[in-house]
Amino acid sequence: MEEEIFEASEGRYETFRGTVQFLKKKAAENNTIVTHAQIAGKLNISLDEFNTCYISDKAPPELFPLLRSQYPNLIGKITMEVFWFTQEIQAPETPMPWEDEEE
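Residues numbered from 1 in each chain as written. Predicted model: local features only at pLDDT ≥ 70, side-chain atom pairs only at ≥ 80, totals over all residues. Heavy atoms only, no water.

Examining helix α3 (residues 47-56)
Within α3, the full set of buried residues consists of Phe50, Cys53 and Tyr54. The arc that holds the buried residues of α3, viewed along the axis, is 100 degrees, so those residues lie on one side. Among the exposed residues of α3, those pointing more than 90 degrees away from its buried face are Asp48, Thr52 and Ile55. Buried residues in α3 make contact with α1 (16-29) and α2 (36-42). Two residues or fewer past α3, Asp57 is found with a positive phi of approximately 65 degrees. (Buried < 20%, exposed > 50% of the residue type's maximum accessible area, 1.4 Å probe, protein only. Helix = DSSP H or I, 4+ residues; strand = E, 2+ residues; numbered from the N terminus. Arc of directions from axis to C-beta. Contact = heavy atoms within 4.5 Å.)

As structure tokens, then:
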């Protein structure tokens, strides 16, 4: 059996999709509907570019402060981030029962 090597790592990034979802949730709590087209307009980007950012969950860093400045009463200074972790897992030292089977 070939040994697999997993490296432990971690990271974080500001989530465009999460920020937009939070914005829309806060708007709904205030009985307001905010559409993707409206947000794209306030960010001066096309709806296609907005959708690309939304689907990939990545956006140019300058869009986040602009988004917060356009909707200060809804998201203010809130920053939504995604954190991820991977952990190294050691293979068991004892063979598994099916590894001892002969063909």
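With respect to the packing of aromatic side chains
For the coordinates displayed, the defined rule picks out three aromatic pairs. Consider the rings of Phe16 and Phe64, whose centres lie 6.1 Å apart with planes at 75 degrees: the pair is edge-to-face. Within this pair, whereas Phe16 is found in helix α1, its partner Phe64 is found in helix α4 (residues 63-70), the two being separated by 48 residues in sequence. Accessibility assignment for this pair places Phe16 and Phe64 in one class, buried. The ring of Tyr54 carries Arg17 above its face, with NZ or CZ at 6.0 Å from the centroid. Sitting over the face of the ring of Tyr71, Lys42 holds its NZ or CZ atom 5.0 Å from the ring centroid. (Phe/Tyr/Trp six-rings, centres within 6.5 Å; stacked < 30°, edge-to-face > 60°. Lys NZ or Arg CZ within 6 Å of the ring centre and 35° of its normal.)

Looking at the pattern of salt bridges
Pairs may arise between side chains of opposite charge once their charged atoms sit close together. All chains considered together, the criterion is met by two salt bridges. Where Glu14 meets Arg68, a salt bridge forms, and the shortest distance between an N and an O atom there is 2.7 Å. You can see Glu14 sitting in strand β1 (residues 9-14) and its partner Arg68 sitting in helix α4, a full 54 residues away along the chain. Across the pair Lys26 and Glu29 runs a salt bridge, and its minimum N-O distance is 3.4 Å. In this pair, Lys26 and Glu29 both sit in helix α1, three residues apart, roughly one turn of the helix. Under the relative-accessibility criterion, Lys26 is labelled partly exposed at 27%. The class for Glu29 is partly exposed, based on a relative accessible area of 47%. (Salt bridge = Lys/Arg side-chain N within 4 Å of Asp/Glu carboxyl O.)

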